[in-house]
Amino acid sequence: MFASSRTIAILIAFLVAGVLTTLAWIAPTLTLEDGALAAGITVAACFLLVYLAFEALIFREINNIYAGLENVKRKEFRRLSNKFLFRPEPLKRMRDEILQMAERKQQEIDELKRLQALRREFLADVSHELKTPIFAAQGFLHTVLDGDVDDEFLRHKFLNKAATALDALDALVQDLVTISQLEKGVVRMRRQAFDLAQLVREIFEQLEQKAAQRRVSLELFPPSLATEPVRVLADRNRIRQVLINLIDNAVKYGKEDGHVVVSLVENSKSVKVSVRDDGAGIAKQHQSRIFERFYRIDKSRSRDSGGSGLGLAISKHIVEAHKSTIRVRSEAGLGTTLEFKLPKPRKPGPDASAPGAEAGA
């Protein structure tokens, strides 16, 4: 094992000091020729020692750099993690920087590969989602145009189905436009103070028929919110879109004859909004991905039930545009809870309750 450059330097310093001291001590007894020969031998010895020592150090460090780069290629970063501390030598610092740069580049390459895979998956999902309503509408319309349906009632029925498929296509395109605008940050949140409890009651009325079909009860908690207001400062239309998505999913995937509970819990600065169902729950491996575009846990069930697969992705972006985060809590067989926070309007403030009083990006 070679010594470090610092150790070599110290040894050379002691050697040179020793040689010079010896020469100074014996110099008066030497002739001129002997003194010149001794000086030449000393210079040559010091040169060889310095040259060989630093050649060894340099080549050793270069070999270490190559070995480290091989570990980076194999993504064995843990082998390198404990080798980069307290290295004052320039070559070792250079080695550390090269390896760290290589590690960063490898991580960037891995991220690009991941994004490329997501892009391919997204394009495949979009093409599938677009083809489904297009083919359905084409089939119904061509059947009518080819004259294969003589009955007026059946023609009307086929045209209605074609119109339904085109409506689904329009909704998908609108969702794609919305999420694209949200991701680019071009959608401006028109914040205003409003009664969140009243908004939830309106959504309950809108989804009442769908909930009745699955015999699901819609509940607002605490019960006092049936008459008491809960004021928040947010974009009412966008939060309405979020709540419709969350409550509709809770009704759709919750247990039949079950309950969907929307809780509004206030503190001094914010209101925590929770939407809870008592369905089958979401497995751990899916919880981090349910907010991805077109991600489905049960693909066949989701398609049969309708929807573009963009609702939760859009909801996530809307909530984040309000400087909050939407979280999921779920266990198999114990239902799912999705929650986020909204700020309360400042007090006092007669202007705070006026629509459009405060706006933010």
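These numbers were taken from a predicted model, which means no experiment stands behind them.

Enquirer: Sorry if this is basic, but what is going on with the overall build of the protein here?
Expert: In terms of helices and strands, the protein carries ten helices and seven strands. Residue burial in the protein is summarised as follows: out of 361 residues, 35% are buried. Residue pairs at least 24 apart in sequence account for 73% of intrachain contacts in the protein once pairs closer than 6 positions are excluded. Accessible area for the protein stands at about 22,300 Å²; split by element, carbon and sulfur atoms hold 58% of it.

Enquirer: Where do I start with the nonpolar core in this structure?
Expert: For soluble globular proteins, nonpolar side chains are generally found buried alongside one another. If you look at the biggest cluster of nonpolar residues, it comprises 51 residues, and the most contacted ones within it are L196, L243, I247, L264 and F340. Counting only elements with at least two residues in this core, the list comes to helix 4 (152–184), helix 5 (196–206), strand 3 (231–234), helix 7 (236–253), strand 4 (259–266), strand 5 (270–277), helix 10 (311–321) and strand 7 (336–343). Residues contacting F340, with those up to four places away along its chain left out, are V242, L243, L246, V271, K272, V273, V319, S324, T325 and I326.

Enquirer: In this structure, what is going on with helix 4? I would like to understand it.
Expert: Note: α-helices contain 3.6 residues per turn, so residues at a spacing of three or four share the same orientation. If you check helix 4, its first and last C-alpha atoms are 48 Å apart, about what 33 residues at 1.5 Å a residue would give, namely 48 Å. Within helix 4, the full set of buried residues consists of F158, A162, A165, L169, L172, L176, T178, I179 and L182. G185 occupies a position one or two residues after helix 4 and carries a positive phi of about 75 degrees.

Enquirer: In this structure, what is going on with helix 10? I would like to understand it.
Expert: Most of helix 10 sits inside the fold, with eight of its eleven residues counted as buried. Those residues of helix 10 that sit buried are L312, A313, I314, S315, H317, I318, V319 and A321. At its buried positions, helix 10 is contacted by helix 4, helix 7 and strand 7. Positive phi appears at K323, one or two residues downstream of helix 10, with a value of about 60 degrees.

Enquirer: Would you take a moment to explain the confidence of the model for the protein for this structure?
Expert: Per-residue pLDDT for the protein has a mean of 76; in total, 73% of the residues score no lower than 70. The low-confidence segment residues 349–361 (pLDDT under 50) makes 27 contacts with residues lying over four places distant or belonging to another chain.

Enquirer: Explanation requested: a nonpolar patch on the surface in the structure shown.
Expert: Together, L141, L145, L159 and L166 make up a nonpolar patch on the protein surface, roughly 370 Å² of accessible area in all. When residues of the nonpolar patch are traced back to their parent elements, those giving at least two are helix 3 (90–145) and helix 4. Looking at the secondary structure, you find L159 in helix 4.

Enquirer: It is not clear to me how the pattern of salt bridges should be interpreted in this structure. Could you clarify?
Expert: Oppositely charged side chains can form a pair if their charged atoms are brought close together. Counted by the stated rule, this structure contains eleven salt bridges. Here E202 ties to R236 by a salt bridge, and the two come within 3.3 Å at their closest N and O atoms. One end of the pair, E202, is in helix 5; the other, R236, is in helix 7, and 34 residues separate them in sequence. Ionic contacts of the salt-bridge type, sharing partners, join the residues R214, R215, E256 and D257 into one network.

Rules behind the numbers
- Residues numbered from 1 in each chain as written.
- Predicted model: local features only at pLDDT ≥ 70, side-chain atom pairs only at ≥ 80, totals over all residues.
- Heavy atoms only, no water.
- Helix = DSSP H or I, 4+ residues; strand = E, 2+ residues; numbered from the N terminus.
- Buried < 20%, exposed > 50% of the residue type's maximum accessible area, 1.4 Å probe, protein only.
- Contact = heavy atoms within 4.5 Å.
- Areas by Shrake-Rupley, 256 points an atom, 1.4 Å probe, with all protein chains shown as cover.
- Core = buried A, V, L, I, M, F, W, Y, C linked by side-chain atoms within 4.5 Å.
- Expected span 1.5 Å × (residues − 1).
- pLDDT = per-residue confidence, 0-100.
- Patch = residues over 30% accessible without salt bridge, like charges linked within 9 Å, V, L, I, M, F, W, Y side chains within 5 Å.
- Salt bridge = Lys/Arg side-chain N within 4 Å of Asp/Glu carboxyl O.

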